[in-house]
Structure formats: C-alpha cells, structure tokens
Amino acid sequence: MNQAVSHTAPRESVRPQKSRPQRLYRTVWRWHFYAGVCCIPFVIILALSGAIYLFKPQFEAWVDRPYQQLPVGVTSVSVNAQIATARAAVPGAQFMTYQLPANATSAAIISVNDAGARTLVYVDPYQNKALKVIPYSDQFMQQVKAFHGALLAGTAGSVIVELAACWAVILVVTGLYLWWPRTSNGFAGVLYPRLRQGRRIFWRDIHAVTGFWLASFTLFLLVSGLPWTTVWGAAFKELRQWNSAPVVQSWSSGAVKAAPAWRPQAVESVDLPDHVVRAVQDLTMAQPVELSVAASEPLVIKASSLSQNRPKRATVWLDGRTGDVQRAQNFAQKGTLDRVIGFGIAAHEGHLFGWFNQLLGVLTTLGLVLLCVSGTILWWRRKPAKRLGAPTAMPAGNAAMVVTGLILALGVALPLVGLSMIAVLLLEWLVLRRIPALRHWLGLTPATNP
C-alpha cells in the first residue's frame, strides 16, 4: 500500500530550497560586493597616501638637512632680530610663530602671515639671514595630508573620503562574516592561504586570509580617522556639547575647526625676549616647539609642543617679561575622551610607539592594496559577460531583513552611510528595478533556487 502511494504521489520540487544560512550568506555577499565596488579606488588612494605620510618626520628631516647642519657662530642674534629678518623676506607679512631650533646647528623656522596664507621662513640664527621661504601648504607632506584627507578637493573631497571610509567599515564587517569558517577542514584557507590548488583557490585565500589578519588594524585606522572628518567629526563635537560646557577639541574636523583657547595670530609687532626663549628651552618640551602670542594678550607667550606623538605634547604659558611660567597643561590633564582620541591619532599617524608603529602602518596599508587587487581579480574571473557580476539576489526573506537591519544600524552610527543608503535604495526602487536592462546588468533580478 505504501509502495503504491509512493509511485503515484507527485514530486513537490526538483531541487531543494536554499537554507536560511545560505540566503544570509548570499545577502551579506551582495552588500560586501557593492561596498567593494564603491570603496576600492578610494581605499587604494588612502592606503598609499597614508603609507607615505607615516614617514613625515624622516622625510622632513631629509628635506631640511641643509638647514640642520649650519656652521655654529660665536653668538646668535636675538630672536626679535630673526623675526624681523623673516618678515623682511616676505614684505608686508605679519609674525605668527617662532619654532625653536632643534639644536645648536639648526635654523629657526618662523611662520608669517602673507596676505592670509601661512609662509615658513628658515633663518640662520648666527648670520641672521633667510635661507628658505616656502608657503606652508606647499610642503610635500602637507600636500600628501591634504590629498589623504580631502583629495585636494576641499570640503567636497573630504566628504567623499569620509563616505568611502565609512563604507569601508561595512566592507570589513561583512568580509569577516564571509571569512568565518563553516566547516572543520583545518586552518588552510582560514589562517593561511592554499598556494597550490589552482588560481581560483589561490586568489580566494589570499583575499580572505589577508582580510582576516588585517581586519582589526583596518577598523582601527578607519575609526581613529573619524574625528578628522567633515560630517562625523562635526556631529561628534555637537553631541559632546549637549551635556557639557562648550567643547574645546584638541583636533579639528574638516568642516568645523577646533576652537582652542589660544590660536597663533598674525601680529604687526612682537617682543620675544631672549631670556624668555631660554626659559622655554630649559623646559625640555618634546620637539618641535613653537612660540606664539595673541593680540589680546601681548604680554603672554605660549609655548606649544607639536610632537606627532600626541601623548608627549604639552602647552605652557609664560610671562612675556620675566619668563615665569603662569600655567601649564600636559596630555595627562586632558579629558578622558581627548586622551583616547589623542592616542588613536598618534597611532594612526604611526608615532605612538616608534618604528614598530610605522611598520604596522606600512604592513596594513600594503595589505589593503593587496586586498583591493585580489578582490578585483576575483570579481573579474567570475564576472559574466555583459553583466556587472554582482552575486545574484536571493528571494527576500528573514536573512535579508537581518543583514539590512545590521547595515542600517551602522548607517545610524555613520551618518554619511545612512544618507547614501537611503539615496541608493531610492534610486534602485524608483529607477534601476524599472529598467529591465539595468536590472539584469546589476543582478537585481532574484535568482531561482538552484
């Protein structure tokens, strides 16, 4: 009887339905793919420019070596005379800051305001002559920094970089999910790549394994860079002020500049007595050290350590007549949040723990380039003709809702991601899905269950 029933009953399906884990995997893969398409060019740009900027101290020491090996005279001229020489080298300029010579054979670096633009003048403190004049923004490392942070395109470039960095966070998070081992076949392809199992396995493993080892370092670089950004940085400052007095940030975002209690101001006349400068030198602050005055307090001199290792920075205010210290602030006296971000910035720039910090930065940035290259190769090898090659969409279900919820949560934490997601979803719903050719090319047509 049972046999007869089995012969006459119709088959319900030729192929089994995709399981929930498979649908979740495919949905995450699609988000990962589209984040990669948007981010890869910018990740390469940020990685290479960031790798160069890691070596700012070494590069600038090499560029400035002719001005760090000056013949030592019997006596040096007064600081005020050096400032006068710097202003004469840039007619009509106003004094801004005086950077203490690094040692007895180094030039003093004096910055002046030349019609609104900051210009640096290197002055021989013994012969009292200008050795070099260069606009501050024309320095190579300043151009690298501007390119790294804003693509040399002002606020628009800064927003583009921030958007790419925020989507890169999603790229890393989804990539970790895709990497997560789902079988117990050992560590091959998980912790180390399989190099002799064909090109497809080779590039897949290079991409997945490199991504795993770099994930934490990449997330750190992305998150520690957010305080500099235009939208997130400004929003973060506003949030800090909701429950406190007006915030004085020790860093600046792209759109809203930090508002320090004292800013170097261009002044027509300045008096920096030599005994006050010697008092600053005796403090042995971390180099470089800049002296400045404010038009509102001409009798107070501010000495600021601008060390790129921010935990070593300190600021001292001195009486401009006697050289006595009036007040001082070091890194340990800053608020907890400012200290955390200070540590993050120092590590981001490669100066928190010396050469090893730079090495980690270089390995991370080069690894990111490898990830971009291997990801592009994987896409190109599997890309169908006349299609973008995005992973085919699965029928909607709980998996898509889970992933979308997680991405939306990241969109709330990263405002530009949230806004761009809304724009993309509207574009897809209103335009892309309604044009058959585009829908097919983008892989928006749900696949049938294989």
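About the criteria used
- Residues numbered from 1 in each chain as written.
- Predicted model: local features only at pLDDT ≥ 70, side-chain atom pairs only at ≥ 80, totals over all residues.
- Heavy atoms only, no water.
- Salt bridge = Lys/Arg side-chain N within 4 Å of Asp/Glu carboxyl O.
- Helix = DSSP H or I, 4+ residues; strand = E, 2+ residues; numbered from the N terminus.
- Buried < 20%, exposed > 50% of the residue type's maximum accessible area, 1.4 Å probe, protein only.
- Pairing = 2+ DSSP bridges.
- Axes fitted to C-alpha atoms, helices over the stretch in contact; angles between N-to-C directions.
- Contact = heavy atoms within 4.5 Å.
- Phe/Tyr/Trp six-rings, centres within 6.5 Å; stacked < 30°, edge-to-face > 60°.
- Lys NZ or Arg CZ within 6 Å of the ring centre and 35° of its normal.
- Core = buried A, V, L, I, M, F, W, Y, C linked by side-chain atoms within 4.5 Å.
- pLDDT = per-residue confidence, 0-100.
- Parallel < 35°, antiparallel > 145°, perpendicular 65-115°, else oblique.
- Nonpolar A, V, L, I, M, F, W, Y, C, P; charged D, E, K, R; others polar.
- Left-handed = near helix turned anticlockwise from the far one by under 90°.

Caption draft 1: Geometry of the pattern of salt bridges. Applying the stated criterion across every chain, the model contains seven salt bridges. The partner of K132 in a salt bridge is D64, with the nearest N and O atoms 3.8 Å apart. Linking K132 in strand β4 (residues 129-135) with D64 in the loop between α3 (56-63) and α4 (79-89), this pair joins segments that are 68 residues apart in sequence. Judged on exposure class, the residue K132 and its partner D64 are both buried. Across the salt bridge formed by D205 and R194, the nearest N and O atoms sit 2.6 Å from each other. Remark: R194 occurs in the loop between α6 (154-179) and α7 (199-225) and D205 occurs in helix α7; sequence separation between them is eleven residues. Here D205 falls in the buried class, since its relative accessible area comes to 0%. Of the residues examined, R194 reaches a relative accessible area of 23% and is grouped as partly exposed. When salt bridges with common partners are traced through the structure, they connect R194, R204 and D205 into a single cluster.

Caption draft 2: Main features of unusual backbone geometry. Across the junction of Q287 and P288, the peptide omega takes the value -5°, indicating a cis bond. Here P288 lies in the loop between α9 (274-282) and β5 (289-294). Although it is not a glycine, T284 sits at a positive phi angle of roughly 45°. Within the secondary structure, T284 sits in the loop between α9 and β5. The phi angle at K386 is positive, at roughly 60°, despite the residue not being glycine. Looking at K386, the relative accessible area reads 76%, which means it is exposed.

Caption draft 3: Focus on the sheet that holds strand β7 (residues 314-319). Spatial ordering of the open sheet is given by β4-β3-β2-β1-β5-β6-β7-β8, a layout of eight strands whose pairing is antiparallel. In this open sheet, the two strands that pair with only one neighbour each are β4 and β8 (325-330). For this sheet the average axis-to-axis angle between neighbouring strands, irrespective of direction, equals 25°. With five bridges connecting them, strand β1 (residues 94-99) and strand β2 (residues 108-114) associate as antiparallel partners. Looking at the pairing, T97 lines up with S111 of β2. Sitting on the sheet, α4 is in contact with β1, β2, β3 (117-124) and β4, with an inclination near 130° to β1.

Caption draft 4: Inspection of the packing of aromatic side chains at higher detail. Applying the stated criterion across every chain yields a total of 16 aromatic pairs. Taking 5.1 Å as the distance between ring centres and 45° as the angle between the ring planes, the aromatic pair formed by Y67 and Y122 counts as tilted. Here the residue Y67 occupies a position in the loop between α3 and α4, and Y122 occupies one in strand β3, the gap between them amounting to 55 residues. Both residues of the pair, Y67 and Y122, belong to the buried class. Members of the aromatic cluster, each reached through a chain of ring pairs, are W179, W180, F212 and W213. Positioned above the aromatic ring of W429 is the side chain of R434, whose terminal nitrogen or guanidinium carbon lies 5.9 Å from the ring centre.

Caption draft 5: Structural view of the nonpolar core. C39, V43, W167, L414 and V417 are the most contacted members of the largest nonpolar core, which totals 26 residues. Residue assignment for this core shows that the elements contributing at least two residues are α2 (20-53), α6, α7, α8 (231-241), α10 (336-348), α11 (354-382) and α13 (415-430). Sort the elements by how many residues they give to this core and α6 lands first, with seven residues. Not counting the four nearest positions on each side in its chain, W167 is found in contact with W31, A35, C39, V417, S420 and M421. Listed in part, the 25 residues of the second largest apolar core include A86, V112, V289 and L318.

Caption draft 6: Up close: the confidence of the model for the chain. Counting all residues, the mean pLDDT for the chain is 85, and 85% of those residues have values of 70 or more. Every residue in residues 254-263 is under pLDDT 50, and counting partners more than four places away or in other chains gives 23 contacts.

Caption draft 7: Broad picture of the packing of α3 against helix α5 (residues 140-150). Remark: α3 packs on α5, axes separated minimally by 10 Å, with the N-to-C direction vectors making an angle of 150°. By the angle between their axes, α3 is roughly antiparallel relative to α5. Residue-level inspection shows K56, F59 and E60 of α3 in contact with α5, the latter providing F140, M141 and Q142. Its residues placed into classes, the contact of α3 with α5 shows three nonpolar, one polar and two charged.

Caption draft 8: Quick look at the pairing of β8. Sheet topology note: the β7/β8 ladder contains five bridges and is antiparallel. Of the residues in β8, the one forming a bridge with W317 is R327.

Caption draft 9: Here's a closer look at the environment of A314. Note on placement: A314 falls in strand β7. A C-alpha to C-alpha distance of 7.1 Å links A314 and M285, two positions 29 residues apart in sequence. If near-sequence neighbours (up to four positions away) are discounted, A314 is found in contact with M285, A303, S304, S305, Q329 and N330.

Caption draft 10: A look at the packing of α7 against α11. Direction vectors running N to C along α7 and α11 enclose 140°, while the axes themselves pass 8 Å from each other. With respect to α11, the axis of α7 lies oblique. Seen along the crossing, α7 lies across α11 with a hand that is left-handed. In contact with R199, R200, W203, R204, I206, H207, T210, G211, L214, F217, T218 and L221 of α7, α11 contributes L360, L363, T364, G367, L368, L370, L371, S374, G375, I377, L378 and R381. In terms of residue class, the contact of α7 with α11 is made up of twelve nonpolar, eight polar and four charged.

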